[in-house]
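Geometric and topological summary
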Amino acid sequence: MKKELLAPAGDIEAGYAALYYGADAVYLGLKQFSARATAGNFDCDQLNEFTAFAHHLGRKVFVAINTVLQQDEIADLLKNLDICKNCGVDAIIIQDLGVADIVKKYYPELEMHASTQMAVHNKLGALALKNYGFKRVVLARELSLPEIKDIATIPDLELEAFIHGALCYSYSGICQFSSMTEGRSANRGKCLYPCRAEFKTNGNFEHSFSMKDMALEENILKLPVYSLKIEGRKKSPLYVAAVTDYYRNILDGNGAIAEKAQNIKQIFSRPWCKFHLQGKNKEVTDTRFVGHRGLLIGKVESYDGNKITFTPDHEIARHDGLQIDIDGVEKPYGFSLQKLKVQKHFRISAAAGEKVEAILPNKVDGLKTGAAIYLASSSAVKGAYRYKKPKPNEYKQKKQISVIVELEKDIVTARACGMMAEIKGNFELAHNSDKMRQAVKDTFAKTGEYEFELADIEVINSKNIFVPVSKLNDLRRDLYAKIVPEADIATQIAAIEPRQLPITSKWIVKTDDADNLAELDKEKFAEFVLLINPDTRWEDIVKLPKEKLRIALPAVCRKPADFEPLIEKLLANGYKKWEVANYWGLGALPSKGIDLSFDNLIYMFNTQAMLAAKEMGAKRVTLAVEDTLTNMKNLAMEAPLPVTAVVYQDVPLFTSAVCIRSNSCKECLKKPLWIDLKRDGKKYEALSRNCETMVFDSRPFACAKEMKDVRADFYRADFCYKKYASQKVKDICDKLMEFGDIENSAKGNLLRLNEMF
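The structure contained in this document is the topic of the report that follows. All values derive from a computational prediction rather than experimental measurement.

Here the focus is unusual backbone geometry. If you check the backbone angles, Tyr 193 has positive phi at about 55° while not being a glycine. By the secondary structure assignment, Tyr 193 is in the loop between helix H7 (177-182) and strand S8 (199-201).

What follows is the structure in structure tokens.
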């Protein structure tokens, strides 16, 4: 299988660098709705110019519209999709089901690629999105090679996998840490990267969740995927050039060239890892330091006041940037190398293997012999990746049109795109019919500043008529002025018929432990939701009233086969109410004969997403807990199907395939373990269970008081993951059902302005 090398472009310069160094395709974002909102991103003219140039080279361009959109942002979404369509981009990378619904119905010429933000981590999830209309799925980064091979057996579905770049601690798309604690949502492209922060754990300060960078190198040749994706839309053109060049050489059979790998590390690099590609790997976090490290070139051999000696194993020169690890300091000590001596003589550079004396700009507390030294910035590398690019406005993507011109003795007509123009007169015979035909073609080829260009023209001149060029110009201008942009898609989107609003709302309780609900008066609740796992016991299921019980599948499931026996038994015993929190659940359950609800991690931020959910079989959806109160109110009023509002939950801030335990896998006791963490005066709790880590705020999310005026069909209180005494569950539910507040609770983004969120 020929593999596509897909490179990032945070701006047009990075895009040109990617193309020059061998990218088969480039992905980028526009000024809105990009998961890298703080990158430079592209405006309309830049996208047009870049796409035209890429297509000239035979390459592809994908636009990432991969955030969730609130209800009042749909109009802006349509403008962005119009830009993508008119510029002729090859595909849209999507997270929000509402975006998918609109693209599928109104922009069929645009391919849909499922973003890694959709958290596709097994075959069932990939198949569900294929069945909805996605041509390509971008896989979760956490997958092992056998898991990828399993998904690759799906016919007629392109797979895309990340091969290099930054890693998130949490599965992408279900991380809510930045949003719920800082008011900047990763799902809206505004992540503040709290995973890189320092936490106090068991009395020690560590970067508990700070990931190394992924670098699969020659392992990419083993991946059974169509597209190999480099992360880095916030990186420089230099970085994009170096990484693209490195992997282009691997794909072209030149192997992993060590010098090129070293170049990357001098531009930007955390320590490298293969993540979980080759199986569970605990060595994927860098708990001591955070940020760019560089290329390891030696260790401090002596330190005296403001100078160090070391023997680099790589050439260094004046003005290079060096970094030195200092124990107990978050970031390595960095400085620009201004003075270096070799054999007591000042030099401009030093070769590998020469003992160097480097002058530091100041005294450094904590610097010790043996400390690692990194080449973090190299003047030589900065000049090593030059690239060519087109002249400004040299390329422009235009709509292709076909024109028919018919010449008669007393009238000449021109038709295109359903429009017609004509000129009348008493025209003479042509002396040369071929010259007349060419004159017509040359005239209509002049499309000027119009957003289209002539693809082909048919000239009908059976009577050998001659028409002056001045008249042809008038005819062309008249016709082209009539070719207006296509009708606004916004006017085509049918008004959504909302459901009948509830007179009184009903209450639901969700739990992963039926004993939590022992003290509740079951008559007060419309429904109970039980979150199951492969070890859920049948006797726990039957503790709850069958007619009111809904069975919930978890958001993450690396082994769907483990759930099959329990799911089959539940279905066989008449349990028809189900809830899914990820697309894999759609493949695990029958498409008919069940009452299906979507949980809040299948994000419902707009009514178009709800329409897509309805098409997928959902009879009810759940509002996102990270949404704002204003948007929730609007959605509840306009929703096309019943909605649930979560008013109490221990929100999983991270859900990770990375183990937080300090012990090795062989030494693991395999029992659930809770770990307390602190940062900036805030307390968090991490649950390590089944090789998975979940992180929670020590405070629950509670908002019944604020949500009283949201016209939801159901209000839900969740008691999952953490241990609750049954009496405490009853006390909390009694307060919530009176729309009372819960002391010491978190409010997430409820009261934030939309533009802040």
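Once you've had a look at it, read on.
What follows concerns the packing of helix H4 (residues 97-106) against helix H17 (residues 607-615). Two numbers describe how H4 lies on H17: the axes approach to 7 Å, and their chain directions differ by 75°. Comparing their axes, H17 and H4 come out roughly perpendicular. Each of Leu 97, Gly 98, Asp 101, Ile 102, Lys 104 and Lys 105 in H4 lies in contact with H17, whose residues at this interface are Gln 608, Ala 609, Leu 611, Ala 612 and Glu 615. Grouping the constituent residues of the contact of H4 with H17 by class yields five nonpolar, two polar and four charged.

Here we come to the sheet that holds strand S19 (residues 340-342). As summarised here, the arrangement of the five strands in space is S14-S15-S22-S19-S20, forming an open sheet in which the pairing is antiparallel. Each having just a single partner strand, strand S14 (302-304) and strand S20 (345-347) make up the two edges of the open sheet. On average, adjacent strands in this sheet sit at an angle of 30° to one another, irrespective of strand direction.

What follows deals with empty space enclosed by the protein. Taken as a whole and assessed by the stated rule, the structure comprises three cavities of 30 Å³ or more. Along the wall of the largest cavity there are 15 residues; nearest its centre are Gln 117, Tyr 583, Leu 601, Ile 602 and Tyr 603.

By secondary structure assignment, the location of Lys 229 is in strand S11 (residues 227-230). On the accessibility criterion, Lys 229 (5% relative accessible area) is buried. Sequence separation between Lys 229 and Glu 523 is 294 residues; the distance between their C-alpha atoms is 53 Å. Contact partners of Lys 229, with chain neighbours within four places excluded, come to Leu 6, Tyr 27, Ile 93, Val 138, Glu 160, Ala 161, Phe 162, Ile 163 and His 164.

What follows concerns the sheet that holds strand S35 (residues 652-656). Within a beta sheet, neighbouring strands are joined by backbone hydrogen bonds and run either parallel or antiparallel to one another. What the six strands build is an open sheet, ordered S9-S8-S36-S37-S38-S35; its pairing is antiparallel. Bordering the open sheet on either side are strand S9 (204-206) and S35, each of which pairs with just one other strand. On average, each strand axis in the sheet is tilted by 30° relative to the strand beside it, whichever way the strands run. The pairing of S8 with S9 spans three bridges and is antiparallel. Bridged to Thr 201 within S9 is Asn 204.

Taking 1.5 Å per residue as the helical rise, helix H3 (residues 74-87) with its 14 residues ought to reach 20 Å, and the 20 Å between its terminal C-alpha atoms agrees with that figure. Every buried residue belonging to H3 is among Ile 74, Leu 77, Leu 78, Asn 80, Leu 81, Cys 84, Lys 85 and Cys 87, and all of these are buried. Immediately downstream of H3, the backbone of Gly 88 shows phi near 75°, a positive value.

Quick look at the environment of Asp 627 now. Along the chain, Asp 627 falls in the loop between strand S33 (618-622) and helix H18 (629-638). On a C-alpha basis, the gap between Asp 627 and Cys 191 in space is 15 Å, while along the polypeptide they are 436 residues apart. Beyond its immediate sequence surroundings of up to four residues, Asp 627 is in contact with Gln 70, Phe 605, Met 632, Leu 635, Asn 749, Leu 750 and Phe 757. Of the polar contacts made by the side chain of Asp 627, one reaches the side chain of Asn 631; its length is 2.7 Å.

It is worth spelling out a negative patch on the surface at this point. A contiguous patch of negative charge on the surface is contributed by Asp 535, Asp 562, Glu 564 and Glu 568. As for its position among the elements, Asp 535 is in the loop between strand S29 (527-531) and helix H14 (538-541). In this structure Asp 535 comes out as exposed when scored by relative accessible area, which is 64%.

The next thing to look at is the side chain of Asn 219. Tracing the chain through its elements places Asn 219 in the loop between strand S10 (213-215) and S11. Residue classification places Asn 219 among the buried positions, given a relative accessible area of 10%. A distance of 3.2 Å separates a polar atom in the side chain of Asn 219 from a polar atom in the side chain of Gln 278. Once residues within four sequence positions are removed from consideration, Asn 219 is found in contact with Lys 274, Leu 277 and Gln 278.

The next subject is the pattern of salt bridges. When the charged atoms of two side chains with opposite charge come close together, those side chains can pair. Scanning all chains against the criterion turns up 48 salt bridges. Between Arg 136 and Glu 158 there is a salt bridge; the shortest N-O distance is 2.9 Å. Residue Arg 136 is located in strand S6 (residues 136-138), and its partner Glu 158 is located in strand S7 (residues 158-165); the two are separated by 22 residues in the primary sequence. We classify Arg 136 as buried; its relative accessible area is 1%.

Inspection of every chain in the model, using the stated rule, returns 31 aromatic pairs. Judged by centre distance (5.1 Å) and plane angle (45°), the ring pair of Phe 177 and Tyr 684 falls under tilted. On the criterion of sequence distance, the pair formed by Phe 177 in helix H7 and Tyr 684 in strand S37 (residues 682-689) is long-range, its members being 507 residues apart. Summarising the burial analysis for this pair, Phe 177 and Tyr 684 share the class buried. With a centroid separation of 5.0 Å and an interplanar angle of 85°, the aromatic rings of Phe 719 and Tyr 724 are classed as edge-to-face. The class for Tyr 724 is buried, based on a relative accessible area of 12%. Here Lys 104 stacks its cationic end above the ring of Tyr 132, 3.9 Å away from the centre of that ring. For the cation-ring pair, Lys 235 lies above Tyr 239, with the distance from its terminal atom to the ring centre recorded as 5.3 Å.

Conventions we followed
- Residues numbered from 1 in each chain as written.
- Predicted model: local features only at pLDDT ≥ 70, side-chain atom pairs only at ≥ 80, totals over all residues.
- Heavy atoms only, no water.
- Helix = DSSP H or I, 4+ residues; strand = E, 2+ residues; numbered from the N terminus.
- Axes fitted to C-alpha atoms, helices over the stretch in contact; angles between N-to-C directions.
- Parallel < 35°, antiparallel > 145°, perpendicular 65-115°, else oblique.
- Contact = heavy atoms within 4.5 Å.
- Nonpolar A, V, L, I, M, F, W, Y, C, P; charged D, E, K, R; others polar.
- Pairing = 2+ DSSP bridges.
- 1 Å grid on protein atoms, 1.4 Å probe; cavity = no way out; pocket = protein on both sides within 12 Å on 5 of 7 lines; lining within 4 Å.
- Points joined across faces, edges and corners; volume = space filled by probe spheres on them.
- Buried < 20%, exposed > 50% of the residue type's maximum accessible area, 1.4 Å probe, protein only.
- Expected span 1.5 Å × (residues − 1).
- Polar contact = N/O pair within 3.5 Å; in protein donor to acceptor, adjacent residues only side chain to side chain.
- Patch = residues over 30% accessible without salt bridge, like charges linked within 9 Å, V, L, I, M, F, W, Y side chains within 5 Å.
- Areas by Shrake-Rupley, 256 points an atom, 1.4 Å probe, with all protein chains shown as cover.
- Salt bridge = Lys/Arg side-chain N within 4 Å of Asp/Glu carboxyl O.
- Lys, Arg positive; Asp, Glu negative; His and termini not counted.
- Charge placed at Lys NZ, Arg CZ, Asp CG, Glu CD.
- Phe/Tyr/Trp six-rings, centres within 6.5 Å; stacked < 30°, edge-to-face > 60°.
- Lys NZ or Arg CZ within 6 Å of the ring centre and 35° of its normal.

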